[in-house]
Amino acid sequence: MEQRGIGARRELRNWFVFVFILEVLWTGASAQIRYSVQEEVQVGTVVGNLAKDLGLDKSALKERGYRVVTGSSDPFFQLNQDDGILYVKKTIDREEVCERSVPCLINLKTMLDNPLEIHYVTVEIVDINDNSPVFPEREQRLEISESALPGARFQLHAARDLDVSHYSVHQYRLSHNEYFKMEVKDRGQDRKIPFLILQKQLDRETVAQHKLRLTAVDGGKPANSGSIDIIINVLDVNDNSPVFSKDVLTVSLNENVPVGTVVIQVNATDPDDGVNSEVVYSFGNAVDSKLMELFDIDANTGEIKVKAEIDFEESITYEIDIKASDKGPVPLTADKSVIINVVDVNDNAPEIEVTSLFTSIKEDSKTGTTVALISVRDLDSGLNGKVMCSINQNIPFMLSPSLQENMYAIVTKSHLDREIISNYDVTITAHDAGEPSFSAKKTINVVVSDVNDNSPEFSLTPYTFYLNENNSPGASVFSVKASDSDEGDNGLISYHISRDANINNKLVSFLNMNPETGVITALKSFDFETVKSFQFQVVATDSGSPSLSSNATVNVFILDQNDNPPVILYPVNSNGSAEGVEEIPRNVNAGHLVTKVRAYDADVGYNGWLLFSLQQVSDHSLFGLDRYTGQIRTLRSFTETDEAEHKLVILVKDNGNVSLSATATVLVKVVEPKEAFAASDVKSSAKVDEDTDVTFYLMITLGSVSVLFIISIIVLIAMQCSKSTDYTSKYLQETNYDGTLCHSIQYRSGDKRYMLVGPRMSIGSTIVPGSHANTLVLPDRRRASEEPKAPSNDWRYSASLRAGGVMQRP
């Protein structure tokens, strides 16, 4: 089918040459008319009114035999001799008529006999997006060694779209993956070749096969697309690929050279040994089938030869991908592109030269500031050498032509802001007016330099920090952070604490701030009980000229810690301990308030909440302590068997995580009503008298022990017999005794009975219970029907009575 199409085109071209020769020899009048019609229009579509456009008389068209002169092929158009209108005779496929030629023109010759007139009509077939990109295969398999380094390139199959211009392949899209990216090389004439670029080194042991999808999209609206699956097998051997001897392989070839002409010989070497170093050559996987019809390559020598006729009108340049493979078990390959330029007239593309470039421009530059000066040239002449330039849109720059031809200036057309966009890629495009047109692109990078137009900004305002008291002096306690969207010194921030004299905050002097990091250090330890919160200002200043700054308020709240133990207020502290003596009558009832331990804690909250507990008590049944108020109360009434003195140790502790405590000691003395309180007033004086009396009576005893021994026994027996048998009272006092011996008092404590003896005292005087100088201990012989008896036949007992001393028996 394709060969028949080529034959038909050649026949049609020969016919046009023949008609042209006739026209040169013919002396008749002629005219030129041009129409355009879209491909695939319906048969019978009106192309144009030739009679009207040529100014012919419609009534004479049939008589003059007005017709379209055609060759042997079936014509696409038909002329109505009645009205002179040109119609579409059969469906026109632009891709079949012109393939990829742009524009697609069909030249018609119309003729009138008698008199003879020849008119030329050109009909342009306008392309529509009726073809989708098509890959030569449904999938492409690549074998890539795991030793391949990032940056390795692998050519992929290119999609072909029979449409032209923007309806041809517009772009390629590669499915997302982390190992490969895609790069497209534009070879002109609506040919875009995709290359697979390795981004990350492969690891066969991790992933042995990668599956990607390459999609080609044309420029139609809506766009058509086609896809191919890329299967990549990762190889694990033969780590040296062939290397071509030349980096760039470009050759010029005259069109219509004889078949078999050697175009170029490529050469590649492999540093491996044996079969791994033997290189064979072949066309790349993405080489178009039409190129393989025109060229051939010798697998052993690398010679590229002409296989068919080379026609400049079909293509002015060819790029052939050559693959060199070694013969290893797992062959490694190298790709090289051979560019064949077909020599003809318009074979030079425009050149762009940047004569002056300001790589950096300040962001506050005025509109119209020159960024770069460029010049363009084309070695061709005439329309082929006429160059037109443009730059990419959507950038704050424009191209301003100079008075001198082919000279341009790139200037700013709007305000720049480095903080939004810091650099721009300005692409200058130059294309000539030749047919087909050549173009060139050059991209320059313009960097927008910074000016100090942004103040530092704190991440928070105000800041609120919570700091535990008793912090370590010199340790960092908190930090602030500010950012500046400027760069360099303009964005370099330093910090300091505002020490404004108008702010009366002495605590600021105990803070130090790192100017580089914004870390604030406390030079002293804070005490919650002294200060609970304070406020100050921090300032962030950049290093620009002039510098800009901003402030932030810092609120600091000191958090309480349990660092204060309870302090005993009562009993009053003395000599490092809290001790107190409380005297209560023996006849008090249960619930009687003995005393109240008072304490306080300088901490707050749970740290200052105090609880009271009995740490030590002589009798747990007698006294109770309120754990919240510290009140000590009697739990029951006193009995004769209860001790006269009780020691209570009260523990006071707070409720901190690690609680602190203090203790207080309360001595409770149980005394008789009235007399007991009076006896306590003369305690100290009685003790001095007792010491003197002991010495005096001891002397008497030593001098008259033998005389008074019997008398003392009798007196003692008389005293015991005259005492009351009521032992429920602790003090057994001889109220009616009026002898010459000393006064005596009996009392009980625990399992022992005591007798106090001493000199006769006047009415109103008392003996202090518990005196060490005149205490007699008697055995516990109390019975319901028995009376206490004084011991006999004991000279020590008698002497003690005579002397007013102390006698104790078990």
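Below, the structure is looked at part by part. Everything quoted here is computed from the prediction, not taken from an experiment.

### Points about the overall build of the protein chain
Then comes step 1: A count of helical and extended segments in the protein chain gives 7 helices and 54 strands.
Then comes step 2: Long-range pairs, those at least 24 residues apart, make up 65% of the contacts in the protein chain between residues at least 6 apart in sequence.
Then comes step 3: Carbon and sulfur atoms make up 51% of the accessible area of the protein chain, which totals about 43800 Å².

### So, a nonpolar patch on the surface
Then comes step 1: On the surface, Y466, F557 and L559 cluster together into a nonpolar patch covering about 300 Å² of accessible area.
Then comes step 2: By the secondary structure assignment, F557 is in strand β40 (residues 549-559).

### Topic: the pattern of salt bridges
Then comes step 1: Scanning the model with the defined rule gives 19 salt bridges in all.
Then comes step 2: Between K62 and D82 there is a salt bridge, with the nearest N and O atoms lying 3.0 Å from each other. Taken together, the residues span a long stretch of sequence, with K62 in the loop between α2 (50-54) and β3 (67-69) and D82 in the loop between β4 (77-79) and β5 (85-88) at a distance of 20 residues.
Then comes step 3: Its relative accessible area of 52% is what places K62 among the exposed residues.
Then comes step 4: Beyond isolated ion pairs, a larger network of salt bridges with shared partners links R418, E419, D450 and E487.

### Observations regarding the packing of aromatic side chains
Then comes step 1: Summed over the entire model, instances satisfying the criterion amount to 12 aromatic pairs.
Then comes step 2: Judged by centre distance (5.5 Å) and plane angle (25 degrees), the rings of Y466 and F557 are stacked. Highlighted residues: Y466 in strand β33 (residues 463-468) and F557 in strand β40, separated in sequence by 91 residues.
Then comes step 3: When its relative accessible area of 57% is taken as the criterion, Y466 is described as exposed.
Then comes step 4: Every member of this aromatic cluster is reached through a ring pair, and the members are F458, Y463, F465, F478, F526, F534 and F536.
Then comes step 5: Taking NZ or CZ as reference, K524 lies 4.7 Å from the ring centre of F510, over its face.
Then comes step 6: For K532, the ring lying beneath its charged end belongs to F528, and the centroid distance is 4.7 Å.

### What about the sheet that holds β5?
Then comes step 1: Spatial ordering of the open sheet is given by β2-β5-β4, a layout of 3 strands whose pairing is antiparallel. Because the sheet does not close on itself, it has two edges, and the strands there are β2 (46-49) and β4. Neighbour-to-neighbour, the strand axes of the sheet open up by a mean angle of 20 degrees, direction not taken into account.

### Some points on the environment of N300
Then comes step 1: Looking at the secondary structure, you find N300 in the loop between β20 (295-297) and β21 (303-306).
Then comes step 2: Put simply, N300 and N267 are 33 residues apart on the chain and 10.0 Å apart in space, counted from C-alpha to C-alpha.

### Some details on the state of the cysteines
Then comes step 1: Summed over all chains, the structure comprises 1 disulfide.
Then comes step 2: Each disulfide pairs two cysteine sulfurs, and for C98 the partner residue is C104, the sulfurs being separated by 1.8 Å. Disulfide C98-C104: the torsion about the S-S bond is 70 degrees, which places it as right-handed. The two residues C98 and C104 agree in class, both being buried.

Calculation criteria
- Residues numbered from 1 in each chain as written.
- Predicted model: local features only at pLDDT ≥ 70, side-chain atom pairs only at ≥ 80, totals over all residues.
- Heavy atoms only, no water.
- Helix = DSSP H or I, 4+ residues; strand = E, 2+ residues; numbered from the N terminus.
- Contact = heavy atoms within 4.5 Å.
- Areas by Shrake-Rupley, 256 points an atom, 1.4 Å probe, with all protein chains shown as cover.
- Patch = residues over 30% accessible without salt bridge, like charges linked within 9 Å, V, L, I, M, F, W, Y side chains within 5 Å.
- Salt bridge = Lys/Arg side-chain N within 4 Å of Asp/Glu carboxyl O.
- Buried < 20%, exposed > 50% of the residue type's maximum accessible area, 1.4 Å probe, protein only.
- Phe/Tyr/Trp six-rings, centres within 6.5 Å; stacked < 30°, edge-to-face > 60°.
- Lys NZ or Arg CZ within 6 Å of the ring centre and 35° of its normal.
- Pairing = 2+ DSSP bridges.
- Axes fitted to C-alpha atoms, helices over the stretch in contact; angles between N-to-C directions.
- Disulfide = S-S within 2.5 Å.

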